[in-house]
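# Understanding the architecture of this molecule
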Amino acid sequence: MRIALAADHAGFPLKEHLKAFLAIEGHEVLDLGTDSTVPVDYPAFCAAAARAVTGGDADRAIVMGGSGQGEQIAANKVRGARAALCHDLYLARLSREHNDANVLAMGARVIAPAYAEEVVRVWLATPFEGGRHVARIEQIAQIEQDNERGERR
């Protein structure tokens, strides 16, 4: 699987850890930065990771910061991105099964690297359940389209 990674300075150490982990697991990694712990703003990095997925350059993306909250919000501003903040295995599994999340957000100040590996492993291995969830994903996509046209429902 092709995985895009992006982080701000707080998420940089976790990004580097997961980059090595994903390579060992046999995944192709697209590192979209940052490249150090020097303070940077996260929105552009997270949007780039989400765009890599929605544009077909990556199958999934993982974005990281201090808490993961802002990173999730930034990634979700990209049309077609469905970013989920997951710090446990249950949420990682449900984000895939029910929401077909294509971007995983995590906080490097919240989750230990070894447990982050387990969250990533579950998130990557879990398929979308489909069924009743398809209509909900389509409704989310409709909201995005309505917003682009300036419509309110």
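Cut-offs used in this document
- Residues numbered from 1 in each chain as written.
- Predicted model: local features only at pLDDT ≥ 70, side-chain atom pairs only at ≥ 80, totals over all residues.
- Heavy atoms only, no water.
- Helix = DSSP H or I, 4+ residues; strand = E, 2+ residues; numbered from the N terminus.
- Phe/Tyr/Trp six-rings, centres within 6.5 Å; stacked < 30°, edge-to-face > 60°.
- Lys NZ or Arg CZ within 6 Å of the ring centre and 35° of its normal.
- Core = buried A, V, L, I, M, F, W, Y, C linked by side-chain atoms within 4.5 Å.
- Buried < 20%, exposed > 50% of the residue type's maximum accessible area, 1.4 Å probe, protein only.
- Contact = heavy atoms within 4.5 Å.
- Axes fitted to C-alpha atoms, helices over the stretch in contact; angles between N-to-C directions.
- Parallel < 35°, antiparallel > 145°, perpendicular 65-115°, else oblique.
- Left-handed = near helix turned anticlockwise from the far one by under 90°.
- Nonpolar A, V, L, I, M, F, W, Y, C, P; charged D, E, K, R; others polar.
- Polar contact = N/O pair within 3.5 Å; in protein donor to acceptor, adjacent residues only side chain to side chain.
- Pairing = 2+ DSSP bridges.
- Salt bridge = Lys/Arg side-chain N within 4 Å of Asp/Glu carboxyl O.

### Brief notes about unusual backbone geometry
Working note: non-glycine residues mostly have negative phi, and peptide bonds are mostly trans. Omega for the peptide link from G33 to T34 comes to 0°, which places this bond in the cis form. Relative to the elements of secondary structure, T34 occurs in the loop between β2 (28-31) and α2 (43-54). At D100, a position not held by glycine, the phi torsion is positive, near 50°.

### Description of the packing of aromatic side chains
Counted according to the given criterion, the structure contains zero aromatic pairs. Taking the ring centre of W123 as reference, the NZ or CZ of R60 above it sits at 5.0 Å.

### Digging into the nonpolar core
Note that soluble globular proteins tend to have their nonpolar side chains buried in a common cluster. The biggest cluster of nonpolar side chains holds 21 residues, and the ones touching the most others in it are L18, L22, I62, M64, L104, M106 and V120. Within the residue set of this core, elements represented by two or more residues are β1 (2-7), α1 (12-24), β3 (60-65), β5 (103-107) and α5 (113-125). Counting residues per element, this core draws most heavily on α5, at five residues. The contacts of M64, once residues within four sequence positions are left out, are L5, A6, A7, D8, G11, L14, K15, L18, E71 and M106. Ranked by size, the runner-up nonpolar core spans 18 residues in total, among them A4, A6, V53 and A61.

### Re the packing of helix α4 (residues 89-97) against α5
Direction vectors running N to C along α4 and α5 enclose 25°, while the axes themselves pass 8 Å from each other. By the angle between their axes, α4 is roughly parallel relative to α5. α5 is crossed by α4, and the crossing has right-handed handedness. Taken together, the residues of α5 that come into contact with α4 (itself represented by L89, A92, R93, S95 and R96) are Y115, E118, V119, V122 and W123. Classifying every residue of the contact of α4 with α5 gives six nonpolar, one polar and three charged.

### A look at the environment of S95
For S95, the location among the structural elements is in helix α4. On a C-alpha basis, the gap between S95 and I137 in space is 12 Å, while along the polypeptide they are 42 residues apart. If near-sequence neighbours (up to four positions away) are discounted, S95 is found in contact with A84, C86, D100, A101 and W123. Looking at S95, its side chain comes within polar contact range of the side chain of W123, at 3.3 Å.

### Observations concerning the sheet that holds β3
Here five strands make up an open sheet; going across it, the order is β2-β1-β3-β5-β4 and the pairing parallel. Two strands in the sheet have a free side with no partner beyond their single neighbour: β2 and β4 (83-85). For this sheet, the mean angle separating the axes of adjacent strands, direction not counted, is 25°. Bridging between β4 and β5 involves three bridges; their strand directions are parallel. Looking across to β5, one finds that L85 is bridged to A105. Those strands touched by α5 are β1, β3 and β5, and its axis lies near 165° from that of β5.

### Some details on the pattern of salt bridges
Here the structure, examined in full by the defined rule, presents 13 salt bridges. A salt bridge links E16 to K19; its shortest N-O distance comes to 3.3 Å. Linking E16 with K19, this pair stays in helix α1, spanning three residues, or about one helical turn. Accessibility expressed as a relative area gives 28% for E16, which makes it partly exposed. Residue classification places K19 among the partly exposed positions, given a relative accessible area of 26%. Between E25 and R121 there is a salt bridge; the shortest N-O distance is 3.2 Å. With a gap of 96 residues between them, E25 in the loop between α1 and β2 and R121 in helix α5 connect regions that are remote in the sequence. Given the relative accessible area of 37%, E25 is considered partly exposed. Shared partners join several salt bridges into a network, and the residues in it are K15, E16, K19 and D31.

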